[in-house]
Amino acid sequence: MYSAVGVVVGLQTLWGYSTARSVKIGGTRPISPTMPRPIQATIHTQALAHNLSRCRHYAPDARVWAVVKANAYGHGIERVFDGLRGADGFALLDLAEAQRVRALGWRGPVLLLEGVFELRDLELCSRLDLWHTVHCEQQIDMLAAHKTNVPQRVFLKMNSGMNRLGFRPEQYRSAWTRLNALPQVDEISHMTHFSDADGPKGVAAQMAVFENATRDLPGERTVSNSAGVLRHAGVPAASDWVRPGIAVYGSAPDYPENDAQHWSLLPTMTLEAKIIAVQNLQAGDTVGYGSSFSAEGPMRIGVVACGYADGYPRICPTGTPVLVDGVRSRTVGRVSMDMLSVDLSALPTARPGSSVTLWGRAANGTILGIDEVAAMAGTLSYELMCGLAARVPVVVTE
Ligand SMILES: *Cc1c(COP(=O)(O)O)cnc(C)c1O
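None of the values given here were measured: they were computed from a predicted structure. (Residues numbered from 1 in each chain as written. Predicted model: local features only at pLDDT ≥ 70, side-chain atom pairs only at ≥ 80, totals over all residues. Heavy atoms only, no water.)

Take the overall build of the chain next. Within the chain, the regular secondary structure consists of 11 helices and 21 strands. Whereas a compact globule of 398 residues would reach a radius of gyration of roughly 21 Å, the chain reaches 24 Å, a difference of no more than 12%. Referenced to the eigenvectors of the C-alpha coordinate spread, the extents of the chain come out at roughly 75 × 55 × 35 Å. Across the 398 residues that make up the chain, the buried fraction comes to 53%. Considering only residue pairs separated by 6 or more positions, the chain has 63% of its internal contacts joining residues 24 or more positions apart. (Helix = DSSP H or I, 4+ residues; strand = E, 2+ residues; numbered from the N terminus. Rg over C-alpha atoms; globule rule 2.2 N^0.38 Å. Buried < 20%, exposed > 50% of the residue type's maximum accessible area, 1.4 Å probe, protein only. Contact = heavy atoms within 4.5 Å.)

Right under this line is the structure:
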């Protein structure tokens, strides 16, 4: 029986990307790369590097953690690593992901944004030299019980108003004092997280709380996520480290008030599929499950090899933007598991095999912002990126 002995890194595909290659891992025969369906995601390495430099532009005096939690926002930690090598550190929260960052050869800072979950995690922190957040008393208890000769660097987290993780301002100093007395602890930095950096409420109130409670304590500070970095450019000045995530992945943290173009951010993920069938409709003909779309007159539609099982939101209504061969059009009817339909009325040359960009950059350079698609689905780009399905082949390009 045929046995797969290779791992495909970058599928040789119908799209013909020259960077596609297959890598053998410990086997004798490479498997010939196959494309199960004409759908593919592309990760754009240069766009990652560009977006990182945009974040630096807004926070010139701060060091930058590239946030790579949730498998680099669905992109894949190994796939974004080249593009984000220029970061000062990587922030994430899954210990297995921290191991993957170290396995890539990264020797710089790695920060666990939620800290450790159990005592034995501290051994991994010692072994892999991970810096970790301390947001609750239990984590201080674990540190006190941890047997190590190498003191660890920690980021003490304040709950300055978001009420998710952290010590309240009035408990913060005693937490710091307790930590500071532990031989297991080296440097203590200060950290908080904004709830409203992307909106009208802003960050001033939380910043005042944080500054008041940390004013006379030694140590570095980190406060800003993407929206904090881009929208509150004065605040990172008070921050030794900033922690942009979504901006690194080319999406505006404050869409629709501003879009990615406004912040000069470039898409880092393209989702692209092909038309696999064309239907010519007459007035009154309907499309897809539930017959939710009905043609007003004669029209052509294309059936695209992408559905909700690929991570394209089922909730996207008729009219959600797509690019067909780089030209803007719209979806029609309901998204099904493996397919969706697009309007080809204004695209007489589109045919089976034509490329449809669901989000990201088309071959002709036209961009369809993931933020626009996410808004049609009533959600954020974060969720679309993270929701890219495992069955979608992914290639990495320059
Ligand atoms: C996810 C996260 C970030 C990054 O947030 P973005 O909105 O993606 O920039 C920063 N800090 C913490 C603590 C986070 O959990």
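Now that the structure is up, let's keep going.
What follows is about the site of the ligand. As a structural note, the neighbourhood of the ligand is formed by Val67, Lys69, Tyr73, Leu113, His193, Asn225, Ser226, Arg243, Pro244, Gly245, Ile246 and Tyr382. In the environment of the ligand, an oxygen atom lies 2.5 Å from a nitrogen or oxygen atom belonging to the side chain of serine 226. Contact between the ligand and glycine 245: an oxygen atom at 2.9 Å from a main-chain N or O atom of the residue. Its free accessible area being 390 Å², the ligand has 93% of it covered by the protein chains. Along the lines of polarity and charge, the residues of the shell around the ligand split into 6 nonpolar, 4 polar and 2 charged. (Near = heavy atom within 4 Å. Polar contact = N/O pair within 3.5 Å; in protein donor to acceptor, adjacent residues only side chain to side chain. Areas by Shrake-Rupley, 256 points an atom, 1.4 Å probe, with all protein chains shown as cover. Nonpolar A, V, L, I, M, F, W, Y, C, P; charged D, E, K, R; others polar.)

Centre-to-centre distance and the angle between the planes together describe a pair of aromatic rings. Counted under the stated rule, the structure contains 12 aromatic pairs. Relative to tryptophan 106, the ring of phenylalanine 90 lies with its centre 4.8 Å away and its plane at 80 degrees, an arrangement referred to as edge-to-face. Here phenylalanine 90, found in strand S5 (residues 89–92), pairs with tryptophan 106, found in the loop between helix H4 (95–103) and strand S6 (110–112); they are 16 residues apart in sequence, far enough to count as distant. The burial state of phenylalanine 90 is the same as that of tryptophan 106; both residues are buried. (Phe/Tyr/Trp six-rings, centres within 6.5 Å; stacked < 30°, edge-to-face > 60°.)

Residues Gln139, Ile140, Met142 and Leu143 constitute the buried set of helix H6 (residues 137–145). The buried side chains of H6 occupy one side of the element, clustering within an arc of 155 degrees when seen end-on. For H6, the elements touching its buried residues are helix H5 (121–128), strand S7 (131–134), strand S8 (152–158), helix H7 (169–180) and strand S9 (185–192). (Arc of directions from axis to C-beta.)

Once that is clear, we can look at the side chain of serine 239. Checked against the element boundaries, serine 239 lands in the loop between helix H9 (226–231) and strand S11 (241–242). For serine 239, the side chain forms a polar contact with the main-chain nitrogen of valine 223, separated by 3.2 Å. Here the side chain of serine 239 touches tryptophan 241 through a polar contact of 2.5 Å, landing on its backbone oxygen. Leaving out residues up to four positions away in the same chain, serine 239 has contacts with Ala62, Arg221, Thr222, Val223 and Ser224.

One can find isoleucine 188 in strand S9. Linking isoleucine 188 and alanine 70, residues 118 residues apart in sequence, is a C-alpha distance of 26 Å. In contact with isoleucine 188, not counting residues within four places along its chain, are Val154, Leu156, Trp176, Leu179, Asn180, Pro218, Gly219 and Glu220.

The next subject is the pairing of strand S12 (residues 269–281). By the bridge criterion, 5 bridges tie strand S3 (residues 39–44) to S12 in an arrangement that is antiparallel. Bridged to alanine 41 within S12 is leucine 271. Where S12 and strand S15 (residues 299–304) come together, 6 bridges link them in antiparallel fashion. Across the sheet, glutamine 279 pairs through a bridge with isoleucine 301, a residue of S15. (Pairing = 2+ DSSP bridges.)

Now for the pattern of salt bridges. Applying the stated criterion across every chain, the model contains 18 salt bridges. Between aspartate 254 and arginine 231 there is a salt bridge whose closest N-O contact spans 2.7 Å. Highlighted residues: aspartate 254 in the loop between S11 and S12 and arginine 231 in helix H9, separated in sequence by 23 residues. Looking at aspartate 254, the relative accessible area reads 3%, which means it is buried. A salt bridge links aspartate 338 to arginine 391, with the nearest nitrogen and oxygen atoms 2.9 Å apart. In this pair, aspartate 338 is assigned in the loop between strand S17 (327–332) and strand S18 (340–343) and arginine 391 in the loop between helix H11 (381–386) and strand S21 (394–397), connecting sequence segments 53 residues apart. Salt bridges linked by common partners bring Arg37, Asp310, Asp338 and Arg391 together as one network. (Salt bridge = Lys/Arg side-chain N within 4 Å of Asp/Glu carboxyl O.)

Before going further, it helps to spend a moment on unusual backbone geometry. Put simply, tyrosine 255 and proline 256 share a cis peptide bond, and its omega is 5 degrees. Tracing the backbone through its elements, the reader meets proline 256 in the loop between S11 and S12. A positive phi is found at tyrosine 73, a non-glycine position, where the angle reads about 50 degrees. In this structure tyrosine 73 comes out as buried when scored by relative accessible area, which is 5%.

This part covers the side chain of threonine 45. Inspection of the secondary structure puts threonine 45 in helix H1 (residues 45–58). Given a relative accessible area of 16%, threonine 45 falls into the buried group. Among residues more than four places away in sequence, those in contact with threonine 45 are Asp82, Gly83, Val396, Thr397 and Glu398.

A few words on the nonpolar core. Here is a general trend for soluble globular proteins: nonpolar side chains tend to be buried in one another's company. In this structure, Leu84, Leu179, Tyr249 and Leu358 are the most contacted members of the largest nonpolar core, which totals 110 residues. When residues of this core are sorted by domain, at least three fall in each of domain 1 (59–249) and domain 2 (269–397). When residues no more than four places from it in sequence are discounted, the contact partners of leucine 179 are Val134, Ile140, Leu143, Val154, Leu156, Val185 and Ile188. Grouped together as the second largest cluster of nonpolar side chains are 7 residues, Val287, Phe293, Ala295 and Met299 included. (Core = buried A, V, L, I, M, F, W, Y, C linked by side-chain atoms within 4.5 Å. Domains from an automatic or database assignment.)

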